[in-house]
Amino acid sequence: MKYLWIIVFTAVLVWSGIAPKDQFTWFLEVVPAVLGGGLLAASYKAFRLTSILYFFILLHCVVLMIGGHYTYAEVPLFDGLFGSERNNYDKVGHFFQGFVPALLAREILIRKDVVNGDIWRNIFIVSICLAFSAFYELIEWWVALATGEDAEAFLGTQGYIWDTQSDMGLALIGAICSLLVLSKPHNKQLKNCRTAEFAIRKTNSNHK
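Residues numbered from 1 in each chain as written. Predicted model: local features only at pLDDT ≥ 70, side-chain atom pairs only at ≥ 80, totals over all residues. Heavy atoms only, no water.

Concerning the overall build of the protein
Point 1. Helix and strand counts for the protein stand at seven helices and zero strands.
Point 2. A fraction of 74% describes how many contacts in the protein between residues 6 or more apart in sequence connect residues 24 or more apart.
Point 3. By element, 69% of the accessible surface of the protein is carried by carbon and sulfur atoms, the whole surface being about 12,200 Å². (Helix = DSSP H or I, 4+ residues; strand = E, 2+ residues; numbered from the N terminus. Contact = heavy atoms within 4.5 Å. Areas by Shrake-Rupley, 256 points an atom, 1.4 Å probe, with all protein chains shown as cover.)

Below is the structure:
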């Protein structure tokens, strides 16, 4: 599983970097994926995540890399989709911006016992995802101010005046969908994860 993850991540990253539509946009889009991959590698032994979370993190990275290769306004198959006048691949990315971080936040909050109770935990998770989405919009704004026209492909607004609001709205929808669809299978894997962690702690205490 680990090596397959690395192979897929590396293969898509290399492909995305071969003659991308815009080199600067490619760099901006793949940086979060590369940083995320580095953090996963660094924390693998100390805090190994569930397989379902690793899968969706990889899927999110692939979405970022595809967007980086083509730019979000020119991804094939998304031009005029469902009669739209714009390429809506960026909306897929922003949906994942809520969908995957929700699962990550859920795992950390549960395994670290940060918040008790499903209702309060879900409120915290959705709030975290909205904060993350808003912060990403600020990063896009700062990059645009710093680089001017060079950041146009990175912003991907395509002339849509409500782009920022719809991006955050899709992140919200993604977070809610993640909680509704993935909580049950996620709980099963978390239970197995906790059982394994307990066994390791017990073994270590016996050796002492």
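The discussion continues.
Quick notes on the packing of helix α1 (residues 2-17) against helix α2 (residues 23-43)
Point 1. Axis separation between α1 and α2 bottoms out at 11 Å; the angle between their running directions is 165 degrees. Classified by the angle between their axes, α1 and α2 sit roughly antiparallel to one another. By crossing handedness, the relation of α1 to α2 is classed as left-handed. Across the interface between the two elements, Trp-5, Phe-9, Leu-13, Ser-16 and Gly-17 from α1 touch Trp-26, Val-30, Ala-33, Val-34, Gly-37 and Leu-40 from α2.
Point 2. Residues belonging to the contact of α1 with α2 are distributed by class as follows: eight nonpolar, three polar and no charged. (Axes fitted to C-alpha atoms, helices over the stretch in contact; angles between N-to-C directions. Parallel < 35°, antiparallel > 145°, perpendicular 65-115°, else oblique. Left-handed = near helix turned anticlockwise from the far one by under 90°. Nonpolar A, V, L, I, M, F, W, Y, C, P; charged D, E, K, R; others polar.)

Remarks on the pattern of salt bridges
Point 1. Enumeration according to the criterion identifies six salt bridges in this entry.
Point 2. Put simply, Lys-91 and Asp-90 hold a salt bridge, and the shortest N to O gap is 3.7 Å.
Point 3. Residue Asp-90 is classed as buried on the basis of its relative accessible area, which comes to 4%.
Point 4. Across the pair Arg-121 and Asp-118 runs a salt bridge whose closest N-O atoms are separated by 2.7 Å. Taken together, the residues span about one helical turn, with Arg-121 and Asp-118 both in helix α5 (residues 118-147) at a distance of three residues.
Point 5. By relative accessible area, Arg-121 is classed as buried at 11%.
Point 6. Sharing partners across several salt bridges, the network here consists of Arg-86, Asp-90, Lys-91 and Asp-167. (Salt bridge = Lys/Arg side-chain N within 4 Å of Asp/Glu carboxyl O. Buried < 20%, exposed > 50% of the residue type's maximum accessible area, 1.4 Å probe, protein only.)

Brief notes about the nonpolar core
Point 1. Membership of the largest hydrophobic core comes to 28 residues, with the highest contact counts inside it found for Trp-5, Phe-9, Leu-49, Phe-56, Ile-57 and Met-65.
Point 2. Per-element accounting of this core gives the leading share, eleven residues, to helix α3 (residues 51-70).
Point 3. In this structure, Phe-56 is in contact with Phe-99, Val-100, Leu-103 and Leu-182, ignoring residues within four places of it in sequence.
Point 4. Grouped together as the second largest cluster of nonpolar side chains are nine residues, Ala-102, Ala-105, Cys-129 and Ala-175 included. (Core = buried A, V, L, I, M, F, W, Y, C linked by side-chain atoms within 4.5 Å.)

A word on unusual backbone geometry
Point 1. The phi torsion at Thr-71 lies on the positive side, around 75 degrees, for a residue other than glycine.
Point 2. Take Thr-71: it is sitting in the loop between α3 and α4 (89-111).
Point 3. The phi dihedral of Asp-113 is positive, around 55 degrees, even though this residue is not glycine.
Point 4. Along the chain, Asp-113 falls in the loop between α4 and α5.
Point 5. Relative accessible area serves as the criterion here: at 53%, Asp-113 is assigned to the exposed category.

Notes on the environment of Trp-15
Point 1. Note on placement: Trp-15 falls in helix α1.
Point 2. If we skip the residues at most four places from it in the chain, Trp-15 touches Met-65, Ile-66, His-69 and Tyr-70.

Looking at the side chain of Glu-137
Point 1. Residue placement: Glu-137 occurs in helix α5.
Point 2. At 7.4 Å, Lys-91 is the nearest oppositely charged side chain to Glu-137, a buried residue that forms no salt bridge.
Point 3. Setting aside its immediate chain neighbours within four residues, Glu-137 contacts His-94, Thr-164, Asp-167 and Met-168. (Lys, Arg positive; Asp, Glu negative; His and termini not counted.)

A short note on the packing of aromatic side chains
Point 1. Scanning the model with the defined rule gives eleven aromatic pairs in all.
Point 2. Measuring from centroid to centroid gives 6.2 Å for Tyr-44 and Tyr-54, while their planes differ by 50 degrees, and the two rings are tilted. In this pair, Tyr-44 sits in the loop between α2 and α3 while Tyr-54 sits in helix α3, placing the two residues ten residues apart along the sequence.
Point 3. Ring pairing ties together the aromatic residues Phe-55, Phe-56, Phe-95, Phe-96 and Phe-99, which thus form one cluster.
Point 4. A cation over a ring is seen here: Arg-111 above Phe-47, with NZ or CZ 4.0 Å from the ring centre. (Phe/Tyr/Trp six-rings, centres within 6.5 Å; stacked < 30°, edge-to-face > 60°. Lys NZ or Arg CZ within 6 Å of the ring centre and 35° of its normal.)

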